[in-house]
Amino acid sequence: MLKENGLAPAVAMPAQSSDCGQTAKIRLANENDLVSIARFDEMGGCRQQEIADACCMVAERKGEPVAYVSFQPVGLLGQPLLTYLCVAPAARRRGLGRKLIEAIQQTARGRMLLSSTEDWCVASQKIFTSLGWRKIGELTGVNKDGSTEYFYAIDLHQKG
Ligand SMILES: CC(C)(COP(=O)(O)OP(=O)(O)OC[C@H]1O[C@@H](n2cnc3c(N)ncnc32)[C@H](O)[C@@H]1OP(=O)(O)O)[C@@H](O)C(=O)NCCC(=O)NCCS
C-alpha cells in the first residue's frame, strides 16, 4: 500500500543503540515534535511541511526527539530524495543517523533512493557506504562554503 506521498507507510520501529543498551524509537514525526527538532536542527528551514506531508521521521529517546530525517517523495529525477538528516550533538555516534536512513530505505523500497552530502561530512559518507549506497557523482565547489557535494544512490527495487 502506498501513502499519499507515494511511498510505503512509515513504520515505527525500535532501534537498539550502543549506549548502554538504551533503545531509541524511530517513528513518523508529528507537529508536536517541531519544538524539539528546532532545538538541535542544524539544517536550514523548518520541518513543518515535511511533517505535514508525512515525510519526516524522528528517533525518540526517553520520549523526546533527538534526531530526524526527511525526504521528498519525488525529489530528484522522479526519484525519492533524502533531504535532511540531523542528530542532536549529545546523541551522535550511537547509530541513530544510520537507523534513520535505514528507516527511510524501508519507506522508499521499490524505488531508487537518492541523497547528497558535503565532501567534509565523513559520517554521512560512512553511513551511505556501509548501507550499500554508491556514489553517483559530485558537483565540485558548489556549496556556499566552497565544498563539493557528493551524490549517492541506492537501488531498493530488489530489497525488502
Ligand atoms: C552526520 C550525522 C547525521 C551522523 O549521525 P550519527 O548518529 O552521529 O551517525 P552514526 O552514529 O550512525 O555513525 C555512522 C558512522 O559514522 C561515523 N561517524 C559519526 N560521526 C563521525 C565524525 N564526526 N567523524 C567521523 N566519523 C563519524 C561513526 O563512527 C559510524 O561509523 P562506523 O559505522 O564505522 O562505526 C550527525 O553527525 C549530524 O547530525 N551532524 C550535523 C548535521 C549534518 O551534518 N547532517 C548531514 C548533512 S548531509
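What counts as what
Residues numbered from 1 in each chain as written. Predicted model: local features only at pLDDT ≥ 70, side-chain atom pairs only at ≥ 80, totals over all residues. Buried ≥ 20, exposed ≤ 12 C-beta atoms within 10 Å, placed from the backbone. Helix = DSSP H or I, 4+ residues; strand = E, 2+ residues; numbered from the N terminus. Pairing = 2+ DSSP bridges. Right-handed = clockwise from strand over helix to strand, strands pointing away. Expected span 1.5 Å × (residues − 1). Near = placed C-beta within 6 Å. Nonpolar A, V, L, I, M, F, W, Y, C, P; charged D, E, K, R; others polar. Core = buried A, V, L, I, M, F, W, Y, C linked by C-beta atoms within 7 Å. Contact = placed C-beta atoms within 7 Å.

You'll find the protein entered in an unreviewed UniProt entry as GNAT family N-acetyltransferase, with Chromobacterium phragmitis given as the organism.

A. Spatial organisation of the pairing of strand β6 (residues 112-118). In terms of burial, β6 is a largely internal element, five of the seven residues being buried. Relative to β6, strand β5 (residues 79-87) runs parallel, the two being bridged by two bridges. The residue bridging Leu 81 from the neighbouring strand is Leu 114, located in β6. Crossover connection from β5 via helix α3 (residues 96-107) to parallel β6: handedness right-handed.

B. Representation of α3. Across its 12 residues, α3 extends 17 Å between first and last C-alpha, which sits within 8% of the 16 Å expected from 1.5 Å per residue. When you tally the buried positions in α3, you get nine out of 12 residues, the bulk of the element. Residues of α3 that are buried include every one of Leu 96, Gly 97, Lys 99, Leu 100, Ile 101, Ala 103, Ile 104, Gln 105 and Thr 107, and no others.

C. Structural view of the site of the ligand. Inspection of the region around the ligand gives 19 residues, with Arg 92, Gly 97, Arg 98, Thr 117 and Ala 123 positioned closest. For the shell around the ligand, the elements supplying multiple residues, two or more each, are β5, α3 and α4 (122-130). Here the element with the most residues in the shell around the ligand is α4; it accounts for six residues. Of the residues in the shell around the ligand, the class split is eight nonpolar, five polar and six charged.

D. The arrangement of the nonpolar core in detail. With 34 residues, the main nonpolar core has Met 57, Ala 67, Leu 100 and Ile 104 as its most contacted residues. Put simply, the parts of the chain that give this core at least two residues each are β2 (23-28), β3 (56-61), β4 (64-76), β5, α3, β6, α4 and β8 (149-155). Dropping the residues within four chain positions of it, Ala 67 is found in contact with Val 58, Ala 59, Cys 86, Val 87, Ala 88, Ala 91, Leu 96, Gly 97 and Leu 100.

E. Region of interest: unusual backbone geometry. Even without being glycine, Ala 54 reaches a positive phi, approximately 60°. Tracing the sequence through the fold places Ala 54 in the loop between α2 (48-52) and β3. A count of 18 C-beta atoms within 10 Å places Ala 54 in the partly exposed class. Of note in the backbone geometry, Arg 93 takes a positive phi value of approximately 60° without being a glycine. Looking at the secondary structure, you find Arg 93 in the loop between β5 and α3. Residue classification places Arg 93 among the exposed positions, given that 12 C-beta atoms sit within 10 Å.

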